[in-house]
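Observations on the model geometry
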Amino acid sequence: QVQLVESGGGMVQAGGSLRLSCAASGRTFNMGWFRQAPGKEREFVAAITWSGGTTIYADSVQGRFTISRDNAKKTMYLQMNSLNPEDTAVYCCAAALTRLGLSRVKTSYDTWGQGTQVTVSS
C-alpha cells in the first residue's frame, strides 16, 4: 500500500502564505487535497492528474491556491496564498492507485495521509 506523508502546515496571519507537501512512497495516479475544519465534513480543495496537465479547485480556493506535482520526487504540493481564517483546517492529501477520471469525490481516492494542521489567525 502506498503511504502519503504531508508536511508544511503551521500558523500564519491572514493574508499570508503556506506551501504544503505530500510525499508518496510509491506510484500514484490522480492526487488531491482535502481539508476538515472542526465540526465540519471533510471537503475537497484541489486535485491534479498524474501528468499534472489538468487541475481542478473548489470555488472557495480558486485563484488563491495552486496544486502541482513533481513525479520524479513523488511529491505533490499545495501553494496557498491570501489565506484567511476560514482556511483553518487539517489538510490531507489523497491519491488514486488506479487510472480514473479526475474527481472531487473522497471515494475516488484509495489512500490518505494523516493530515497537517493549518491555522490562520485574523
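Residues numbered from 1 in each chain as written. Predicted model: local features only at pLDDT ≥ 70, side-chain atom pairs only at ≥ 80, totals over all residues. Heavy atoms only, no water.

**Thoughts on the state of the cysteines**
- For the coordinates displayed, the defined rule picks out one disulfide.
- Here cysteine 22 connects covalently by a disulfide to cysteine 93, the sulfurs 2.1 Å from one another. Taking the sign of the S-S torsion, 65° for the link of cysteine 22 and cysteine 93, the bridge is right-handed. Note that cysteine 22 is positioned in strand 3 (residues 18-24) and cysteine 93 in strand 9 (residues 89-95), a separation of 71 residues in sequence. Judged on exposure class, the residue cysteine 22 and its partner cysteine 93 are both buried.
- For cysteine 92, which is in no disulfide, the shortest distance to another cysteine sulfur is to cysteine 93 and amounts to 7.5 Å.
- Cysteine 92 gets classed as buried once you look at its relative accessible area, which sits at 4%. (Disulfide = S-S within 2.5 Å. Helix = DSSP H or I, 4+ residues; strand = E, 2+ residues; numbered from the N terminus. Buried < 20%, exposed > 50% of the residue type's maximum accessible area, 1.4 Å probe, protein only.)

**Thoughts on the sheet that holds strand 3**
- Spatially, 1-3-8-7 is the arrangement adopted by the four strands of the open sheet, whose pairing is antiparallel. Two strands in the sheet have a free side with no partner beyond their single neighbour: strand 1 (4-7) and strand 7 (65-70). Direction aside, neighbouring strands of the sheet carry axes that sit 15° apart on average.
- Direction of pairing for strand 3 relative to strand 8 (residues 75-80): antiparallel, over a ladder of six bridges. Looking at strand 8, one finds that alanine 23 is bridged to threonine 75. (Pairing = 2+ DSSP bridges. Axes fitted to C-alpha atoms, helices over the stretch in contact; angles between N-to-C directions.)

**Describing the side chain of glutamate 6**
- Among the secondary structure elements, glutamate 6 is positioned in strand 1.
- Nearest to the buried, unbridged glutamate 6 among oppositely charged side chains is arginine 42, at 7.7 Å.
- There is a polar contact of 2.9 Å between the side chain of glutamate 6 and the backbone nitrogen of cysteine 93.
- A distance of 3.2 Å separates a polar atom in the side chain of glutamate 6 from the backbone nitrogen of glutamine 114.
- Ignoring any residue separated from it by four or fewer positions in sequence, one finds glutamate 6 in contact with Ser21, Cys22, Trp33, Tyr91, Cys92, Cys93, Gly113, Gln114, Gly115 and Thr116. (Lys, Arg positive; Asp, Glu negative; His and termini not counted. Salt bridge = Lys/Arg side-chain N within 4 Å of Asp/Glu carboxyl O. Polar contact = N/O pair within 3.5 Å; in protein donor to acceptor, adjacent residues only side chain to side chain. Contact = heavy atoms within 4.5 Å.)

**Topic: the pairing of strand 5 (residues 43-48)**
- Within strand 5, five of the six residues are buried, leaving the element largely enclosed by the surrounding structure.
- Joining the antiparallel neighbours strand 4 (residues 31-36) and strand 5 is a turn of six residues, in which glycine 39 adopts a positive phi near 75°.
- With three bridges connecting them, strand 5 and strand 6 (residues 55-57) associate as antiparallel partners. Each bridged residue has a counterpart across the sheet, and for alanine 46 the counterpart in strand 6 is tyrosine 57.
- The turn linking strand 5 back onto strand 6 is made up of six residues, and glycine 52 within it adopts a positive phi angle of 85°.

**Considering unusual backbone geometry**
- If you check the backbone angles, lysine 74 has positive phi at about 55° while not being a glycine.
- Summarising the element assignment, lysine 74 is placed in the loop between strand 7 and strand 8.
- Backbone geometry at serine 82 places phi at a positive 50°, although glycine is not the residue there.

**Brief notes about the packing of aromatic side chains**
- Inspection of the entire model under this criterion finds four aromatic pairs.
- Here the aromatic rings of phenylalanine 34 and phenylalanine 44 are separated by 5.7 Å at their centres, their planes lie at 75°, and the arrangement is edge-to-face. With phenylalanine 34 in strand 4 and phenylalanine 44 in strand 5, this residue pair connects regions lying 10 residues apart in the sequence. Residues phenylalanine 34 and phenylalanine 44 agree in their burial class; the two are buried. (Phe/Tyr/Trp six-rings, centres within 6.5 Å; stacked < 30°, edge-to-face > 60°.)

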